[in-house]
Amino acid sequence: MNYKGRIFYWSPKRFTFNMIIFICFITGLIFFITNSVKADATRSTLSIMVHQGDSLWSIAERIEPDRDPRIVIQELKAQNDLRTANLTAGQRLRISVAK
């Protein structure tokens, strides 16, 4: 009996179904983690100094010319905790680029 006073019957079908779901979940989790590690291993982090007249758009086009600058700008803002697109000359930015 369980805590509500109901009789619990072990069901081989239910057990098999739950084990399949559990194994699929664990496999997906392992796949996700290994792909995240591989993605990080193909990128390197460097630091650049902002010069007079630089903007996030110009920096994004310069460091990753084959990607959409809007996506690169979002990544730059996230990596450097920038709330706005305002940059000052002499500011250092951390940049993660493909190797």
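Everything quoted here is computed from the prediction, not taken from an experiment.

J.: In this structure, what is going on with the environment of Ser47? I would like to understand it.
T.: Mapped onto the elements, Ser47 comes out in strand 1 (residues 43-49). We classify Ser47 as partly exposed; its relative accessible area is 41%. Along the primary structure Ser47 and Ser96 are separated by 49 residues, whereas in three dimensions their C-alpha atoms are 8.7 Å apart. Once residues within four sequence positions are removed from consideration, Ser47 is found in contact with Arg92 and Leu93.

J.: Please explain a nonpolar patch on the surface as it appears in this structure.
T.: Residues Trp10, Phe15, Met19, Phe22 and Ile23 make up a contiguous nonpolar surface patch of roughly 550 Å² in combined accessible area. One can find Phe15 in helix 1 (residues 12-41).

J.: What is the right way to look at the nonpolar core in this model?
T.: As a rule of thumb, nonpolar side chains are buried together in soluble globular proteins. Counting 13 residues, the largest nonpolar core has Leu56, Ile59, Leu76, Leu87, Leu93 and Ile95 as the members making the most contacts within it. Of all the secondary structure elements, the ones that give two or more residues to this core are helix 2 (56-63), helix 3 (69-79) and strand 2 (92-98). In this structure Ile59 touches Ile48, Val50, Asp54, Leu76, Leu87, Leu93 and Ile95, once residues within four positions along its chain are discounted.

Calculation criteria
Residues numbered from 1 in each chain as written. Predicted model: local features only at pLDDT ≥ 70, side-chain atom pairs only at ≥ 80, totals over all residues. Heavy atoms only, no water. Helix = DSSP H or I, 4+ residues; strand = E, 2+ residues; numbered from the N terminus. Buried < 20%, exposed > 50% of the residue type's maximum accessible area, 1.4 Å probe, protein only. Contact = heavy atoms within 4.5 Å. Patch = residues over 30% accessible without salt bridge, like charges linked within 9 Å, V, L, I, M, F, W, Y side chains within 5 Å. Areas by Shrake-Rupley, 256 points an atom, 1.4 Å probe, with all protein chains shown as cover. Salt bridge = Lys/Arg side-chain N within 4 Å of Asp/Glu carboxyl O. Core = buried A, V, L, I, M, F, W, Y, C linked by side-chain atoms within 4.5 Å.

Keep in mind these numbers describe shape, not what the thing actually does.
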